[in-house]
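# Geometric and topological summary
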Amino acid sequence: MHIPDGLLDTPVCLVTGGISLAAVGYSVHRLKDSLADRTVPMTGMVAALVFAGQMVNFPVAAGTSGHLVGAVLAARLLGPWAGCLALTLVLFVQKFLFNDGGLLALGPNVLHMAVIGCLGGYAIQSAVARLTGDTVRGRVIGVVVASWFTVMAAAVLCSVEFAISHAANPDFQLERFLALMMLFHALIGIGESLISGGVIRFVATRRPELLYNPPASSGRPWRRTLVAGLATALLVALLLSPLASSAPDGLEAAVQQSELPAPQSAGLSLFGGYDQVLGDEGWESWSVVLSGLIGTLVVFGIAMVLGRPLDRTSDSAAGASRG
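Right, let's walk through the structure included here. On a predicted model such as this, the values are computed, not experimentally measured, just so you know. (Residues numbered from 1 in each chain as written. Predicted model: local features only at pLDDT ≥ 70, side-chain atom pairs only at ≥ 80, totals over all residues. Heavy atoms only, no water.)

With that out of the way, let us pick up the pattern of salt bridges. This model, assessed by the stated rule, comprises one salt bridge. In this structure, the salt-bridge partner of Glu209 is Arg207, at a minimum N-O distance of 2.3 Å. Taken as a pair, Glu209 and Arg207 share a single burial class, namely buried. (Salt bridge = Lys/Arg side-chain N within 4 Å of Asp/Glu carboxyl O. Buried < 20%, exposed > 50% of the residue type's maximum accessible area, 1.4 Å probe, protein only.)

See below:
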């Protein structure tokens, strides 16, 4: 659900951008008090996995496609605050490196995926897990339910933003647009739930110490997991991104079928798109592969670099409290 510029008006983008900025800033504030030695590298690894996963569009009904958001998955592995920062980083790299999503629309994009997906998704999955018992089964059920509901919540909020932005357009029919968004994203949400729930079930049964707020750690080193996770992200980008469905995603299909004006293509990105890295025609597939590899490594690297000041702040605070 990467909204390009030109589909939402400026006031809507500014308001949602302000909400997103406040949520991300609060996440940074909360993260300073909850850093562990593995938080920064694990955040980089999960952000890299999410970036690679979002490149693989899977087909759904009615000639549309969807892709993993990965927000609930990130929140379950990293916690809500680090998860929100990881998704925000992914969205910034997608915009400024590959022109995926709009510049003004960064605010609503962060709100829909990072804020609702991570903060709201973590609250939902935690509540469901408590109701079903703090067991592997309860955690998986919580992730599955939260994944579907956050996708649907983002679709509804996006529809409201479109209604406000196109209130003066007599051709815009909110009922039709909302119905299309709900239909497409209900199916996309199923894919999101299956992927996220499957990953968390695997981690919870094999490496429960990798989950946020886990039970007693087995003491096995997490650094091997870090390397394995980054390698997995690179393999996904290398092997699966060329197989991504070319069908429009749920938002694009709803916009097309609602006959809204074509979105604008804003600049300020290094490449014009995932398929334009190599520039020359005929190299689109290799461009997508290279984009996936570059983006995965860039997301991981930025997370590591930006996380270091937080890590040092946490260490300094811990030393002062001991003194």
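With a probe scaled to a water molecule rolled over the atoms, the places where space remains empty come into view. All told, the structure shown has one cavity of 30 Å³ or more when counted by the stated rule. Taken as a whole, the largest cavity spans an internal volume of roughly 180 Å³. Forming the boundary of the largest cavity are 19 residues, of which Met1, Val69, Met113, Val151 and His185 lie nearest the centre. Among the elements of the structure, strand 2 (64–66), helix 3 (71–78), helix 5 (106–132), helix 6 (136–165), helix 7 (174–206) and helix 9 (250–257) are those that each provide at least two residues to the lining of the largest cavity. Residues of the lining of the largest cavity, tallied by class, amount to nine nonpolar, eight polar and two charged. (1 Å grid on protein atoms, 1.4 Å probe; cavity = no way out; pocket = protein on both sides within 12 Å on 5 of 7 lines; lining within 4 Å. Points joined across faces, edges and corners; volume = space filled by probe spheres on them. Helix = DSSP H or I, 4+ residues; strand = E, 2+ residues; numbered from the N terminus. Nonpolar A, V, L, I, M, F, W, Y, C, P; charged D, E, K, R; others polar.)

On to the packing of helix 2 (residues 39–54) against helix 4 (residues 80–98), then. With their axes 9 Å apart at the nearest point, helix 2 and helix 4 run at an angle of 50 degrees to one another. The angle between the axes of helix 2 and helix 4 places the two elements in the oblique class. As helix 2 packs across helix 4, the resulting crossing turns out to be right-handed. Contacts between helix 2 and helix 4 involve Thr43, Ala47, Val50, Phe51 and Gln54 from the former and Ala82, Ala86, Leu87, Val90, Val93, Gln94 and Phe98 from the latter. (Axes fitted to C-alpha atoms, helices over the stretch in contact; angles between N-to-C directions. Parallel < 35°, antiparallel > 145°, perpendicular 65-115°, else oblique. Left-handed = near helix turned anticlockwise from the far one by under 90°. Contact = heavy atoms within 4.5 Å.)

The subject of this paragraph is the packing of aromatic side chains. Inspection of the entire model under this criterion finds nine aromatic pairs. The interplanar angle of 25 degrees and the centroid separation of 4.7 Å between the aromatic rings of Phe162 and Phe177 together place this pair among those described as stacked. Linking Phe162 in helix 6 with Phe177 in helix 7, this pair joins segments that are 15 residues apart in sequence. Phe177 matches Phe162 in its accessibility class, with the two residues each being buried. (Phe/Tyr/Trp six-rings, centres within 6.5 Å; stacked < 30°, edge-to-face > 60°.)

The phi torsion at Asn99 lies on the positive side, around 60 degrees, for a residue other than glycine. Turning to its location among the elements, Asn99 is positioned in the loop between helix 4 and helix 5.

A cluster of nonpolar side chains, contributed by Val156, Val160, Ile164, Leu174, Leu178 and Met182, occupies part of the molecular surface with about 430 Å² of accessible area. Looking at where Leu174 falls in the secondary structure, it is placed in helix 7. (Patch = residues over 30% accessible without salt bridge, like charges linked within 9 Å, V, L, I, M, F, W, Y side chains within 5 Å. Areas by Shrake-Rupley, 256 points an atom, 1.4 Å probe, with all protein chains shown as cover.)

For the rest of this paragraph, the subject is the side chain of Gln94. Within the secondary structure layout, Gln94 lies in helix 4. Apart from residues lying up to four places away in sequence, Gln94 is in contact with His2, Phe51, Gln54, Asn99, Asp100 and Tyr274.

This part takes up the nonpolar core. Ranked by internal contacts, the top residues of the largest apolar core, which has 63 residues, are Phe51 and Leu77. With twelve residues, the single largest contributor to this core is helix 4. Counting residues in each nonpolar core, the second largest holds 22 residues, with Val12, Phe162, Phe172 and Phe177 among its members. (Core = buried A, V, L, I, M, F, W, Y, C linked by side-chain atoms within 4.5 Å.)

Attention now moves to helix 2. If you check helix 2, its first and last C-alpha atoms are 22 Å apart, about what 16 residues at 1.5 Å a residue would give, namely 22 Å. Taking burial as the measure, the 16 residues of helix 2 include 15 buried ones, the bulk of the element. (Expected span 1.5 Å × (residues − 1).)

What follows deals with the layout of surface pockets. Taken as a whole, the largest pocket spans an internal volume of roughly 1,000 Å³. Lining of the largest pocket is provided by 38 residues; of these, Asn57, Asp100, Asp249, Glu252 and Tyr274 occupy positions nearest its centre. Taken together, the elements giving at least two residues each to the lining of the largest pocket come down to helix 4 and helix 9. Looking at which element gives the most residues to the lining of the largest pocket, the answer is helix 9, with four residues.

Packing of helix 6 against helix 7 leaves a shortest axis separation of 7 Å and a crossing angle of 155 degrees. The orientation of helix 6 with respect to helix 7, classified from their angle, is roughly antiparallel. Considering how the two elements wind past one another, helix 6 and helix 7 form a crossing that is right-handed. Among the residues making up the contact of helix 6 with helix 7, the classes are represented as 21 nonpolar, eight polar and two charged.

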